[in-house]
Each structure stands twice: as structure tokens, then as C-alpha cells.
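Observations on the three-dimensional arrangement
Here are the chains, one letter per residue:
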Amino acid sequence: MAGEPLTGAAPAGEPLIGVLALQGDVREHTAALTAAGARPVPVRTPEELAAVDGLVLPGGESTTISKLARLFGLLEPLRAAVADGLPVYGTCAGMILLADKILDPRAGQETIGGIDMIVRRNAFGRQNESFEAPVPVAGVGGPPVDGVFIRAPWAESTDAGVEVLATYEGRPVAVRQGTALATAFHPELTGDHRVHALFTAMVRARSGGGSR
Ligand SMILES: NC(=O)CC[C@H](N)C(=O)O
């Protein structure tokens, strides 16, 4: 909303979107955000986090990302920022980080939270660890998104406030709750920037239409 402090002012219409750059496919998200009309910046410190209009949590390894976030003093600031309504988009490991609860957490694995759901890690099983499938996503116009699933989670259950934007084999694989968006798949690996454009629009909507 208007009046929030912003230290790294982006040009009008180009929201400043951080990519949590501790581990994972940061470069691919950075390219996708640029193509979607945002101005991406890496986030590794609480100060960098405080400067952004929105944040992407990349794909990678959720246990590693959560441990590094704790080590970098970022876990609590991330929780506070997301709870405060900072628009956030997590893919795969990032979706796991946005869950309130993990069904099968590893030792030391924590989440940021933000979406009232329980996720199952590596949910699609060994026979089907990585695959691509067309996924129609609500709110994304045009043909189905090419869903790239890599040891992907699904939402085992979602609370009433969570909007399921896409399912695969009956399982929620794209969800949204307020200003938090998550996909179990990786649009950043496909060259199709429609999901990043949807997120950029969410960021713009919250930061006052990029009119700063
Ligand atoms: N592609 C991914 O981000 C994989 C996520 C990974 N299976 C995890 O649990 O963190």
C-alpha cells in the first residue's frame, strides 16, 4: 500500500521484486521476472528484503534454503514480511517454504508460512520424479501452462481461504491465498512468463500500480 518505505525505488510500472538468493534457480527466476516487466534483485539480507515490493522463493532444496535462511538471519524477517502481506511467489521448494505445515519434514526443516496448507514433499513418487504436463491455471489466460515438475510437492490439504488455481491428477499444484502464490511446477524453466506476469500484477496491485 502507499506509504510503505522503499529504498530501492523502481521506475514507474516496474516493481522491484526480490529473488531469495540463498540456493536454487535464482537466475531463471531473474530472467522470467525481467521478461514479465519487473525489476528483479537478489535478496540475501534483511535490508535487501525490506527494500522489495515482492519476493520470489525459487525452486531448489527446501531444507537447505530454510537452514540458510536461519543462518543468514532471514527466517524471522521473511515470516514477518509475508505475514504482513508482502506479495510472495514460491515455486516447488518455494511452495514448500510457503506452507504452514510440511507432512514429512526433514530434521531442521522449517517453513516461512503464508499459505494455510499442508504440503507433501517429493509427492509424485520415485516412478514419476520429473515430468512435464500441460496444466490449466486459473487466472492465466491462453493455453495451459507447460508444467515442469521436478521432485515436486503437492498440497495434501488446503484450508478454506486458499484458492486452488490448478490441479494435477486431482492434487492442488498451484494455489493462492491473498498476496501469496505458489506452484509445485517451474514456469521459470519454460520461457513462458505468464505466471510471472500474474505475480508481477499482484505486486503492482499491492504497491499502488507501480506509480511511485
Ligand atoms: N524442484 C524443486 O524445487 C524440488 C524441491 C525438493 N524436492 C524439496 O523438497 O525441496
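Naming follows an unreviewed UniProt entry, where the protein appears as Pyridoxal 5'-phosphate synthase subunit PdxT of Streptomyces evansiae. Check the Pathway (unreviewed entry) section of the UniProt entry for the protein; it says "Cofactor biosynthesis; pyridoxal 5'-phosphate biosynthesis." In its Function (unreviewed entry) section, UniProt records this for the protein: "Catalyzes the hydrolysis of glutamine to glutamate and ammonia as part of the biosynthesis of pyridoxal 5'-phosphate. The resulting ammonia molecule is channeled to the active site of PdxS."

Digging into the site of the ligand
Residues in contact with the ligand, as listed here, are G59, G60, E61, S62, C92, A93, I96, R121, N122, I150, R151 and H186. G60 has a polar backbone atom sitting 2.9 Å from an oxygen atom of the ligand. In the environment of the ligand, a nitrogen atom lies 2.6 Å from a nitrogen or oxygen atom belonging to the side chain of N122. A breakdown of the residues in the shell around the ligand according to their chemical character gives four nonpolar, five polar and three charged.

Thoughts on the packing of aromatic side chains
Scanning all chains against the criterion turns up nine aromatic pairs. Between F124 and W154 the ring centres are 5.0 Å apart and the planes differ by 90 degrees, which places this aromatic pair in the edge-to-face class. Residue F124 is found in the loop between β6 (115-120) and β7 (130-135), and its partner W154 is found in strand β9 (residues 154-158); the two are separated by 30 residues along the sequence. The same class applies to F124 as to W154, namely buried.

Digging into the sheet that holds β6
Spatially, three strands are ordered β5-β6-β9 in an open sheet, and the strand pairing comes out mixed. Here the strands that pair on one side only, and so sit at the sheet edges, are β5 (99-102) and β9. Between one strand and the next, the sheet's axes are offset by a mean angle of 40 degrees, whatever the strand orientation.

Thoughts on the environment of G161
Relative to the helices and strands, G161 is located in the loop between β9 and β10 (163-168). If near-sequence neighbours (up to four positions away) are discounted, G161 is found in contact with R176 and Q177.

Focus on the pattern of salt bridges
Under the criterion given, the structure shown has nine salt bridges. E61 serves as the salt-bridge partner of R121, at 3.2 Å between the closest nitrogen and oxygen. Placement of the pair is R121 in the loop between β6 and β7 and E61 in the loop between β3 (54-57) and α3 (62-71), with a sequence separation of 60 residues. Taken individually, R121 and E61 each receive the classification buried, so the pair is uniform in this respect. Note that R194 is salt-bridged to D192, the shortest N-O span being 2.6 Å. Owing to a relative accessible area of 21%, R194 belongs among the partly exposed residues under this scheme. Salt bridges linked by common partners bring R70, E76, R79 and E110 together as one network.

Observations concerning the sheet that holds strand β12 (residues 180-183)
Spatially, the seven strands line up as an open sheet ordered β2-β1-β3-β4-β12-β11-β10, and their pairing is mixed. Looking along the sheet, the strands with just one partner apiece sit at the ends: β2 (39-43) and β10. Along the sheet, successive strands turn relative to each other by an average axial angle of 20 degrees, direction set aside. Here β10 runs beside strand β11 (residues 171-177); their pairing, made up of five bridges, is antiparallel. Residue pairing in the sheet places E163 in a bridge with R176 of β11. The sheet contacts of helix α6 (residues 194-206) involve β1 (16-20), β3, β4 (88-91), β11 and β12, and relative to β12 the element is tilted by about 170 degrees.

A look at helix α1 (residues 26-35)
Among the residues of α1, V26, H29, A32 and L33 are the ones counted as buried. Down the axis, α1 shows its buried residues gathered within 130 degrees of arc, on one side only. Among the structural elements, β1, β2, β3, β4 and α6 are those in contact with the buried residues of α1. Of the residues trailing α1, G37 is marked for its positive phi of about 95 degrees.

About the thresholds
- Numbering of residues starts from 1 in each chain and follows the order in which that chain's sequence is written.
- Note on the predicted model: pLDDT of at least 70 is required for a residue's local features to be given, and 80 or more for side-chain atom pairs to be given and counted; whole-chain, interface and lining totals, by contrast, use all residues.
- Values shown for side chains rest on all heavy atoms present in the structure; no hydrogens or waters enter the calculation.
- UniProt positions are given in the numbering used here, feature names are shortened, and annotations may be inferred rather than shown by experiment.
- Any residue with a heavy atom lying within 4 Å of a molecule or strand is counted as near it.
- Pairing of N or O atoms within 3.5 Å defines a polar contact, subject to two protein rules: one partner must be a possible hydrogen donor and the other a possible acceptor, and residues neighboring in sequence count only if both atoms are side-chain atoms.
- Residue type decides the class: Asp, Glu, Lys and Arg count as charged, Ala, Val, Leu, Ile, Met, Phe, Trp, Tyr, Cys and Pro as nonpolar, and the leftover types, Gly among them, as polar.
- The aromatic pairing rule takes the rings of Phe, Tyr and Trp, using the six-membered ring of Trp, and pairs them if the centres are within 6.5 Å, calling planes under 30 degrees apart stacked, those over 60 edge-to-face and the rest tilted.
- Put simply, DSSP marks the helices as runs of H or I at least four residues long and the strands as runs of E at least two long, and each gets a number from the N terminus on.
- The cut-offs for exposure are 20% and 50% of the maximum accessible area for each residue type, with area from a 1.4 Å probe on protein chains only; residues under the lower value are buried, those over the upper are exposed, and the others partly exposed.
- Strands are treated as partners if at least two bridges between them are detected by DSSP.
- Axes here mean lines fitted to C-alpha atoms, for a helix over just the part in contact, with angles spanning 0 to 180 degrees between N-to-C directions.
- Any two residues having at least one pair of non-hydrogen atoms within 4.5 Å are treated as being in contact.
- For salt bridges, the criterion is a side-chain nitrogen of Lys or Arg within 4 Å of an Asp or Glu carboxyl oxygen.
- To be clear, the arc concerns the directions from the helix axis to the C-beta atoms.

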